[in-house]
Amino acid sequence: MEKIIEQFPIVFQALNSGFLQTLKLFCTTLLGALPLGLIIAFGSMSKFKPLSAVVRTFVWIIRGSPLMIQLLIIYYFPGLVWNNPIWGSGENGRFLAATVAFIINYACYFSEIYRGGIQSIPVGQHEAAQVLGMSKGQTFFRVILLQVVKRIVPPMSNEIITLVKDTSLARIIALHEVLFTGENFLTGSRGIAGEVWPLFFTGVYYLIFSGLLTILFNKIEKKLSYFKV
Amino acid sequence: MAILEVKDIHKSFGKTEVLKGISFSMEEGQVLSIIGSSGSGKTTLLRCICFLESADTGKILLDGAPLFDGDAPPLKPAAQRHLQTKIGLVFQQFNLFPQYNVLDNVTLAVKLRAKERPDFKKNRKQIYAEIEEKAKVLLAKMGLSDKLENYPCELSGGQQQRVSIARAMALEPKILFFDEPTSALDPELTGEILKVIRELAAEHMTMVIVTHEMNFAKEVSDHIVFMDHGVIAEEGRALDLFENPQTDRLKAFLSSHN
Ligand SMILES: Nc1ncnc2c1ncn2[C@@H]1O[C@H](COP(=O)(O)OP(=O)(O)OP(=O)(O)O)[C@@H](O)[C@H]1O
Ligand SMILES: [Mg+2]
């Protein structure tokens, strides 16, 4: 116990900087995947059959295969197969590759949630807006969108909390996120070696972060509870 | 000149022909009711007039301007939207926008349309205030002055339907269509909707009403159209048609509806 108290400041500092990387990956993924998912959703609902078929196949491939494989392919493929390591070496390159993999993967998951939400809005809402002379854009942004948002908050919050934990998959390409930082104290890092407790302690970060997000999503759900869809 | 002229409209869904040559016309300020058994094509006819379906052939004229012309290329979206605001449609299921309160439901489309006015940027505040004033007057007529801030989920079916009538009226349409406006309501709530429609009729609002309420149709309408299997089987002045039906089909229909 005393040993842990002694090591704690060093470990804590290291884990904090690891978590910062986790947080960065989380935020950039959301920033990219939330809008990209909407574009993919519209693609998969397109009346132009070839487009919707291609988009749906792509979504199926991404959702049907492990994110870990996608990470490995995106990180190693350019260097090994094209002899063109586009990601560069070092932590920045790994972060870039991880971000791209996560954005593509999560955009596909989000797109299915968007699609379900958009298609669940009764056709009468579109028709009522149309007979009132609203354009397609006005109908979507002024009438449909908020109803979709209300419907997708619960499935979205599930997906986003899964993302919190999925960021640890970036460890497979040695991104120094919080889990990998904790694991390094097993092999040796900052003068500490053979210690497993820092790895276990990383769980606390995930718990606190997902707890905060849960509170946030409950707030959003409450905010939207003034109307029924 | 007739305000609405429907000429030989045909409409099929796949292989089933639902409208088999519908023609009628009506004058401004008239109330026309469409009656007929389930599946006879009443809703489809209204939807063809209101741009929710596209007829296959025929002509529909509003104040002489074509809403549909089977011989001409389809209207451009902008032209269609312009004509769209001249006709109002009240749905059986209300279709209010759940995230807006009563006042905003009524003003939303009017405010969006006002954005196209050339003086909008300069007089925005004043334009919006005028729109809201007009909407409040309309809602007062509907007996909803104390519900302006309420959301649709907080209203009874009858109140929701009155909001949807006000919403359609707010665009000052030349003609208002109703598709069974009381069918989704409990019987004790139909009265309040019929009262509103009666008041609109007294103000000479031009209206086309699809209804199963025969007594109401007889009382409020100038003209009745009886549809059967996609054709107009009989039409005439309300009193004549109800007191003195000519065809066996109408006689059978009326006796099953009393
Ligand atoms: N979108 C559609 N696709 C295929 N068939 C349709 C469609 N809409 C309506 N129909 C068919 O067209 C026929 C006429 O339907 P419509 O809804 O116009 O009847 P209605 O007179 O309004 O009946 P009700 O009194 O029950 O409302 C019905 O047989 C219906 O099944
Ligand atoms: Mg109908």
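Residues numbered from 1 in each chain as written. Chains lettered and ligands numbered in written order. Predicted model: local features only at pLDDT ≥ 70, side-chain atom pairs only at ≥ 80, totals over all residues. Heavy atoms only, no water.

(A) Expanded view of the overall build of chain A. Helix and strand counts for chain A stand at eight helices and zero strands. Put simply, chain A runs from its N terminus to its C terminus through helices and strands in the order α-α-α-α-α-α-α-α. Along the three orthogonal principal directions, the C-alpha set of chain A runs to about 75 × 50 × 25 Å. Pairs at least 24 residues apart make up 76% of the contacts formed inside chain A by residues separated by at least 6 positions. Element-wise, carbon and sulfur atoms account for 69% of the exposed surface of chain A, whose accessible area totals about 12,000 Å². (Helix = DSSP H or I, 4+ residues; strand = E, 2+ residues; numbered from the N terminus. Contact = heavy atoms within 4.5 Å. Areas by Shrake-Rupley, 256 points an atom, 1.4 Å probe, with all protein chains shown as cover.)

(B) Representation of the overall build of chain B in the model. Assigned secondary structure in chain B consists of nine helices and 10 strands. In terms of C-alpha radius of gyration, chain B reaches 19 Å, essentially the compact-globule figure of 18 Å for 258 residues. Along the three orthogonal principal directions, the C-alpha set of chain B runs to about 60 × 45 × 35 Å. The buried share of chain B, reckoned over its 258 residues, is 52%. With the model as given, the accessible surface of chain B reaches about 11,900 Å², and the carbon-plus-sulfur share is 49%. Treating the 31 positive side-chain charges of chain B as one cloud and the 36 negative ones as another, the clouds have centres 7 Å apart. (Rg over C-alpha atoms; globule rule 2.2 N^0.38 Å. Buried < 20%, exposed > 50% of the residue type's maximum accessible area, 1.4 Å probe, protein only. Lys, Arg positive; Asp, Glu negative; His and termini not counted. Charge placed at Lys NZ, Arg CZ, Asp CG, Glu CD.)

(C) Inspection of the interface of chain A and chain B at higher detail. Taken together, the contact pairs 20 residues of chain A with 26 residues of chain B. For the pair chain A and chain B, the summed buried area comes to about 2,100 Å², and 60% of that belongs to carbon and sulfur atoms. Counting the contacts that link chain A with chain B gives one salt bridge. We note a salt bridge from Glu127(A) to Arg47(B), for which the minimum N-O separation is 2.8 Å. Only α5 (123-131) and α6 (136-166) of chain A provide two or more residues apiece to the side of chain A that touches chain B. Across the side of chain A that touches chain B, the residue classes tally to 10 nonpolar, seven polar and three charged. (Buried area = accessible area lost by both parts, 1.4 Å probe. Salt bridge = Lys/Arg side-chain N within 4 Å of Asp/Glu carboxyl O. Nonpolar A, V, L, I, M, F, W, Y, C, P; charged D, E, K, R; others polar.)

(D) Region of interest: the pattern of salt bridges. Considering all chains together, one arrives at 20 salt bridges over all chains under this definition. Across the pair Glu112(A) and Arg115(A) runs a salt bridge, and its minimum N-O distance is 3.2 Å. Residue Glu112(A) and its partner Arg115(A) are located together in helix α4 (residues 90-119), separated by three residues, close to a single helical turn. The partner of Asp69(B) in a salt bridge is Lys59(B), and the shortest N-O contact between them spans 3.9 Å. A residue pair is termed long-range when its members are at least 10 positions apart, and Asp69(B) in strand β5 (residues 65-69) and Lys59(B) in strand β4 (residues 57-62) qualify at 10 residues. You can call Lys59(B) partly exposed: its relative accessible area is 28%.

(E) Examining helix α1 (residues 42-49) of chain B more closely. All names here are of chain B. Across the eight residues of α1, seven count as buried, placing the element largely inside the fold. Where α1 is concerned, the buried positions are Lys42, Thr44, Leu45, Leu46, Arg47, Cys48 and Ile49. Residue phenylalanine 51 follows α1 closely and has a positive phi angle near 70°.

(F) Layout of the site of ligand 1. Residues and elements named next belong to chain B. Near ligand 1, the surroundings consist of Phe13, Val18, Ser37, Ser38, Gly39, Ser40, Gly41, Lys42, Thr43, Thr44, Glu180 and His212. At 3.3 Å from an oxygen atom of ligand 1 is found a main-chain nitrogen or oxygen belonging to serine 40. Histidine 212 is positioned with one of its side-chain polar atoms (N or O) 3.4 Å from an oxygen atom of ligand 1. With the chains in place, 57% of the 630 Å² that ligand 1 exposes on its own is no longer accessible. Residues belonging to the shell around ligand 1 are distributed by class as follows: two nonpolar, eight polar and two charged. (Near = heavy atom within 4 Å. Polar contact = N/O pair within 3.5 Å; in protein donor to acceptor, adjacent residues only side chain to side chain.)

(G) The arrangement of the environment of Gly117(A) in detail. All names here are of chain A. Topologically, glycine 117 is positioned in helix α4. Taking the relative accessible area as the measure of exposure, glycine 117 reaches 4% and is therefore buried. Taking the C-alpha atoms as reference points, glycine 117 and valine 153, 36 residues apart in sequence, are found 9.7 Å from one another. With residues up to four places along the chain from it excluded, the contact list for glycine 117 reads Val148 and Ile152.

(H) Quick look at the confidence of the model for chain B. For chain B, per-residue confidence averages 94 on the pLDDT scale, and 100% of positions sit at 70 or higher. In the predicted complex, the global pTM is 0.88; the interface-specific ipTM is 0.94. (pLDDT = per-residue confidence, 0-100.)

(I) Main features of the sheet that holds β4(B). All names here are of chain B. Taken in spatial order, the four strands of this open sheet run β2-β1-β4-β5, and their pairing is antiparallel. With partners counted over all chains shown, the strands left at the sheet margins are β2 (16-26) and β5, one partner each. Ignoring strand direction, the axes of neighbouring strands in this sheet form an average angle of 20°. As defined by bridge partners, strand β1 (residues 4-13) adjoins β2 across eight bridges and the pair is classed as antiparallel. Bridge pairing in β2 links isoleucine 9 to isoleucine 22. Its contacts with the sheet put α1 on β1, β2, β4 and β5, and the angle it makes with β2 is roughly 65°. (Pairing = 2+ DSSP bridges. Axes fitted to C-alpha atoms, helices over the stretch in contact; angles between N-to-C directions.)

(J) Seen up close, helix α7 (residues 178-187) of chain A. All names here are of chain A. Those residues of α7 lying buried are Val178, Phe180, Thr181, Gly182, Asn184 and Phe185. Its buried side turned inward, α7 meets α1 (2-44) and α8 (197-223). For α7, the side-chain oxygen to backbone nitrogen distance between the N-cap and leucine 179 is 3.0 Å, and the N-cap itself is glutamate 177. Looking at the residues trailing α7, positive phi occurs at glycine 188, about 125°.

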